[in-house]
Amino acid sequence: MGQLALAAKITHVPSMYLSESPGPRFGTRQSAIDGHKEISRRCRALGVDTLVVFDTHWLVNANYHINCAPHFKGEYTSNELPHFIHHMAFESPGNPALGHLLAKVANEHGVETLAHDNTTLDPEYGTLVPLRYMNEDQHFKVVSVSALCMVHDLNDSARLGWALREAVQKHYDGKVAFLASGSLSHRFAQNGLAPEFAHKIWSPFLEQLDKQVLQMWQKREWNAFCKMLPEYASKGHGEGFMHDTAMLMGALGWTAYDGAVDMVTPYFGASGTGQLNAVFEVTPQDGAQVPAPVASRAEGYTAIGTRL
């Protein structure tokens, strides 16, 4: 059947787009851009047909959601940083069939998920910035998954990640890449200090915390990392509460994961936040150590189909 061919934790800092334009930031994010292009090269070499992006800029307040429109095209301006990203053109083919398959299997695992193909909803820049450098020629199909999850349990996100891998491996005829699009520490520089912290981490504590985590990754201390993820997400100001990371680790086997990490773009600071591009080895897993779903087992839970 299908294959999860590549898994990665990636940056989407808007200064990548800004660094394309003449001015003081020109060329300053070339390493991050080159990292995206290298991940794209690896995906092509592996025969990947679809990029599934866990987007920490897609905010949702109930359930998990998958944007699997047939085609994405438009111009994007960030409401968050309109002076960094504005009028950014984008276009990529979608994969509605895969999106609905992912949602179906996620629901079978007890993680309530809705797929949206008949929609005017465009992807957020957690998806669009990587696609600018990975999919300029529209080689890949694209599916975007909500990962700024406001009232969700990290265990549910881990279970979602495993369910998506199972959907690909058992039911999809193709090869897929999972891209967790989000930072490590994500404490932006205080207003007025952003230029000073353009290439720095906001605090020594957060920088050392991130670097300790990266050492754990290099030593393959995945059991310990998964167990500390909720506190790391909270105390480390994790982007999107690190739901993208929980999805990624769930897809890789959670505490049973035993693979290596290749730092394609070394750790760097951006407006106070900690960023990188890292490819995670995909190893054989059975999902036995992935947490069970939480929300669907809560007292008083009702499925969304009974409420709409």
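Residues numbered from 1 in each chain as written. Predicted model: local features only at pLDDT ≥ 70, side-chain atom pairs only at ≥ 80, totals over all residues. Heavy atoms only, no water.

### Some thoughts on a nonpolar patch on the surface
Rule in force here: Note on patches: the residues involved have over 30% relative accessible area and no salt bridge, like charges join within 9 Å, and the nonpolar side chains Val, Leu, Ile, Met, Phe, Trp and Tyr join within 5 Å. A 1.4 Å probe and the Shrake-Rupley method give the accessible areas. Residues count as covered only by the protein chains that appear here. Whenever a carboxyl oxygen of Asp or Glu lies within 4 Å of a side-chain nitrogen of Lys or Arg, that contact is scored as a salt bridge. Each helix is a run of H or I in the DSSP string that is no shorter than four residues. Each strand is a run of E no shorter than two, and both are numbered from the N terminus. Any residue under 20% of the maximum accessible area for its type is buried, any over 50% is exposed, and the rest in between are partly exposed; the area is computed with a 1.4 Å probe on protein chains only.
Among the surface-exposed residues, L59, M150, V151 and F241 lie close enough to one another that they form a single nonpolar patch of about 370 Å² accessible area. Summarising the element assignment, V151 is placed in the loop between β7 (141-149) and α5 (154-171). A relative accessible area of 64% means that V151 is categorised as exposed.

### As for the pairing of strand β1 (residues 3-10)
Quick note on the threshold: Any two strands between which DSSP finds at least two bridges are classified as paired.
Counting buried positions along β1 gives seven out of eight residues, so the element sits mostly inside the fold. As paired strands, β1 and strand β10 (residues 273-280) are joined by three bridges and run antiparallel to one another. For K9, the partnering residue across the bridge sits in β10 and is A278.

### Brief notes about the nonpolar core
Here is a general trend for soluble globular proteins: nonpolar side chains tend to be buried in one another's company. Stated formally: Each nonpolar core is a collection of buried residues, namely Ala, Val, Leu, Ile, Met, Phe, Trp, Tyr and Cys, held together in the definition by side-chain atoms within 4.5 Å.
Counting 61 residues, the largest nonpolar core has W217 and F280 as the members making the most contacts within it. A per-element tally of this core places α5 first, with eight residues. Counting residues in each nonpolar core, the second largest holds 36 residues, with Y17, I33, C43 and M88 among its members.

### Some points on the pattern of salt bridges
Pairing is possible between side chains of opposite charge, provided their charged atoms come close. The tally for this structure, following the rule as stated, stands at ten salt bridges. For the salt bridge of D244 with K9, the shortest nitrogen-to-oxygen distance reads 2.8 Å. Placement of D244 in helix α8 (residues 243-252) and of K9 in strand β1 is noted, with a sequence separation of 235 residues between them. E108 serves as the salt-bridge partner of K104, at 2.6 Å between the closest nitrogen and oxygen. Linking K104 with E108, this pair stays in helix α3 (residues 96-108), spanning four residues, or about one helical turn. Salt bridges sharing partners connect three or more residues here, namely E38, R41, R42 and D262.

### Some remarks on the packing of aromatic side chains
Selection rule: Whether two aromatic rings pair depends on their centres lying within 6.5 Å, for rings of Phe, Tyr and Trp, where Trp uses its six-membered ring; planes under 30 degrees apart make the pair stacked, over 60 edge-to-face, and the rest tilted.
All chains considered together, the criterion is met by eleven aromatic pairs. Judged by centre distance (5.1 Å) and plane angle (65°), the ring pair of W217 and F280 falls under edge-to-face. In this pair, W217 sits in helix α6 (residues 204-218) while F280 sits in strand β10, placing the two residues 63 residues apart along the sequence. Look at W217 and you get buried, because its relative accessible area is 2%.

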